[in-house]
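Chain by chain, the residues run as shown.
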Amino acid sequence: MKKTLHFHIGSHKTATTTLQNAVAANEDLLARAGLLYPKSGRYFTGHHPLALQLRDPELRHQPLDSLGDWPALLREIQASPADHILLSSENFEWLQDLSRLQGLSQHYRVRVLFYMRSPPDYLESFYNQLVKDLKTRESRSIESYICEHGLFFLDNDRLLRRWSEAFGAQALQVRLYDRSGSSQTLLSQFLSALGCHSQPQLVLPQQAALQKVSLPPDALEYLRLRNLYRAPSKGQHRITMTLAQIAQAGTGAGALQRTRAGLLSLAAQQNLIRRFAAGNRRVARAYLGADRAPFDPDQAQPHAHFDQRLPVGDDVMISRVEALLNRFAKTAPAAADQASSDQASS
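How each quantity is defined
- Residues numbered from 1 in each chain as written.
- Predicted model: local features only at pLDDT ≥ 70, side-chain atom pairs only at ≥ 80, totals over all residues.
- Heavy atoms only, no water.
- Helix = DSSP H or I, 4+ residues; strand = E, 2+ residues; numbered from the N terminus.
- Rg over C-alpha atoms; globule rule 2.2 N^0.38 Å.
- Contact = heavy atoms within 4.5 Å.
- Areas by Shrake-Rupley, 256 points an atom, 1.4 Å probe, with all protein chains shown as cover.
- Lys, Arg positive; Asp, Glu negative; His and termini not counted.
- Charge placed at Lys NZ, Arg CZ, Asp CG, Glu CD.
- Axes fitted to C-alpha atoms, helices over the stretch in contact; angles between N-to-C directions.
- Parallel < 35°, antiparallel > 145°, perpendicular 65-115°, else oblique.
- Buried < 20%, exposed > 50% of the residue type's maximum accessible area, 1.4 Å probe, protein only.
- Pairing = 2+ DSSP bridges.
- Polar contact = N/O pair within 3.5 Å; in protein donor to acceptor, adjacent residues only side chain to side chain.
- Salt bridge = Lys/Arg side-chain N within 4 Å of Asp/Glu carboxyl O.
- Arc of directions from axis to C-beta.
- Phe/Tyr/Trp six-rings, centres within 6.5 Å; stacked < 30°, edge-to-face > 60°.
- Lys NZ or Arg CZ within 6 Å of the ring centre and 35° of its normal.

Engineer: Is there a simple way to think about the overall build of the protein chain in this case?
Structural biologist: Broken down by element type, the protein chain carries 15 helices and five strands. Rg of the C-alpha trace for the protein chain: 21 Å, near the compact-globule value of 20 Å for 346 residues, within the 12% margin. Projecting the C-alpha coordinates of the protein chain onto the three principal axes gives extents of approximately 65 × 45 × 45 Å. Long-range pairs, those at least 24 residues apart, make up 80% of the contacts in the protein chain between residues at least 6 apart in sequence. Total accessible area on the protein chain is roughly 16,900 Å²; 49% of this is exposed by carbon and sulfur atoms. Averaging the coordinates of the 40 positive side-chain charges in the protein chain and doing the same for the 32 negative ones gives two points 1 Å apart.

Put into structure tokens, the structure is as follows:
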């Protein structure tokens, strides 16, 4: 009987890193339960190199059995007694050409797991990451970003169609992401979706990775302005990680609400949901057993005091953020060590 090869393809900003960290932390327990989380092709806790090697244009003619980490991965799968294999990377969702993966169906029962998130929630979280990330250092406001970007990553219908054409609609499983649930519940539901109904007692990582912590508006606006005015990259990571620690600890984060940075107006949220409603309705019909899109513009909720917030940060906001950074640096000397640790893993 064929082994089952599960591709967890995202989407981005649906707790993929949380799930990857949890599965990697419990890989021995899960292996004994029949689920292999391969070490080959992993960067820290996700199989990002596997996806990136498939996306590399210089390697587009390289067959899978000689491509990067794929040969080692296939050998590890072959040697394992596990009947289920999990490959997890949100970078899989952006693969345009799946032809090299299609051959896997000859040897494995391929299954694809995808989590959907409300378009405005996804965009706000994704934008937050773009501003923080040293590779992107986004400097546009979220409104400008929407106007100037195609937002292809919100088109679930087009994304899933590629995987359906490669492996058949029956191979796809779509779940709605609920950020209000606990990490334990999310992990349990995730493993159930993979067919692990008898789950061992797993240990969850204590805290989210700092680079994944969403920043409050003023902290995000402070970084955006640094990006806009081309502040030196040196020290940027340390500042970002310190702001993330402040947000994670809740220390003074409540005061960083002067601006609307990274937040969408109610009208913008509703328009975004409507923009992708037709495609999401098709996804719902195909994979969720529903005849309507899962996200209702009338259910969108405005951000508190949105109209009273500043559209752009001012000197007062900048001073407050810098004062908070200085105060936190004096009271939390471990911040530098944690920031350095996260820089090594980002």
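Engineer: Can you walk me through the packing of helix α6 (residues 119-132) against helix α12 (residues 266-275) in this structure?
Structural biologist: Axis angle and axis distance: for two packed helices, these are the angle between their axes and the distance between the axes, and together they describe the pair. Closest axis-to-axis distance for the α6/α12 pair is 8 Å, and the angle between their directions is 115°. When the axes of α6 and α12 are compared, the pair comes out roughly perpendicular. On α12, the residues that touch P119, P120 and L123 of α6 are Q269, L272 and I273.

Engineer: Please explain the pairing of strand β4 (residues 108-116) as it appears in this structure.
Structural biologist: Taken residue by residue, a regular strand's side chains alternate between the two faces of the sheet. Of all nine residues making up β4, seven are buried, and the element is well covered by its neighbours. Looking at chain direction, strand β1 (residues 3-8) and β4 are connected through six bridges and run parallel. Following the sheet pairing, F7 is matched in β4 by V112. With five bridges joining them, β4 and strand β5 (residues 172-176) adopt parallel strand pairing.

Engineer: Just checking my understanding: could you explain the side chain of T14 for this structure?
Structural biologist: Looking at where T14 falls in the secondary structure, it is placed in the loop between β1 and α1 (16-25). Classification of T14 as buried rests on a relative accessible area of 0%. Among the polar contacts listed, one links the side chain of T14 to the backbone oxygen of S11, at a separation of 2.5 Å. For T14, the contacting residues outside a window of four places in its chain are Y115, R117 and Y177.

Engineer: What's the story with the environment of F44 in this structure? I'm lost.
Structural biologist: Inspection of the secondary structure assignment puts F44 in the loop between β2 (35-36) and α3 (48-55). Along the chain, F44 and L73 lie 29 residues apart, while their C-alpha atoms are 15 Å from each other.

Engineer: Looking at this model, I keep getting lost on the side chain of R226. Mind explaining?
Structural biologist: In this structure, R226 sits in helix α10 (residues 217-228). Despite its burial, R226 pairs with no opposite charge, the nearest such side chain being E322 at 6.2 Å. A polar side-chain atom of R226 sits 3.4 Å from the main-chain carbonyl oxygen of P232.

Engineer: Got a minute to help me understand the pattern of salt bridges in this structure?
Structural biologist: Pairs can form between side chains of opposite charge whenever their charged atoms are close. By the definition in use, this model includes 11 salt bridges. E148 is the salt-bridge partner of R140, the closest N and O atoms lying 3.0 Å from each other. Residue classification places R140 among the partly exposed residues on the basis of a relative accessible area of 26%. What makes E148 exposed here is its relative accessible area of 54%. Measuring nitrogen to oxygen at the nearest pair gives 3.8 Å for the salt bridge that ties D155 to R158. Among the residues examined, D155 registers a relative accessible area of 23% and is labelled partly exposed. According to the relative accessible area criterion, R158 is exposed, its value standing at 53%. Salt bridges linked by common partners bring E27, K39 and R42 together as one network.

Engineer: I tried to follow the environment of E90 on my own but got confused; where do I start?
Structural biologist: Relative to the helices and strands, E90 resides in the loop between β3 (84-88) and α5 (99-102). With a relative accessible area of 7%, E90 lands in the buried category. Separated by 198 residues in sequence, E90 and L288 place their C-alpha atoms 21 Å apart. Among the polar contacts listed, one links the side chain of E90 to the side chain of T16, at a separation of 3.3 Å. Here Q20 takes part through its side chain, which lies 3.0 Å from a polar atom of the side chain of E90.

Engineer: Sorry if this is basic, but what is going on with α12 here?
Structural biologist: Every α-helical turn comprises 3.6 residues, leaving residues that sit three or four positions apart pointing alike. Buried within α12 we find Q269, Q270, L272 and I273. Taken end-on, α12 shows its buried residues confined to a sector of 160°, consistent with a single buried face.

Engineer: So what exactly am I meant to see when it comes to the packing of aromatic side chains here?
Structural biologist: How two aromatic rings sit relative to each other is set out by the distance from centre to centre and by the angle between their planes. One pass over the full model with this rule turns up 12 aromatic pairs. Between F126 and F153, the ring centres sit 4.4 Å apart and the planes meet at 40°, which makes this aromatic pair tilted. Separated by 27 residues along the polypeptide, F126 in helix α6 and F153 in the loop between α7 (142-148) and α8 (156-167) bring together distant segments of the chain. Here F126 matches F153 in class, with each residue buried. Aromatic ring contacts, followed pair by pair, group W94, Y122, F126, F152 and F153 into a single cluster. Its guanidinium or amino end placed over the ring of F306, R260 lies 4.5 Å from that ring's centre, counting from NZ or CZ.

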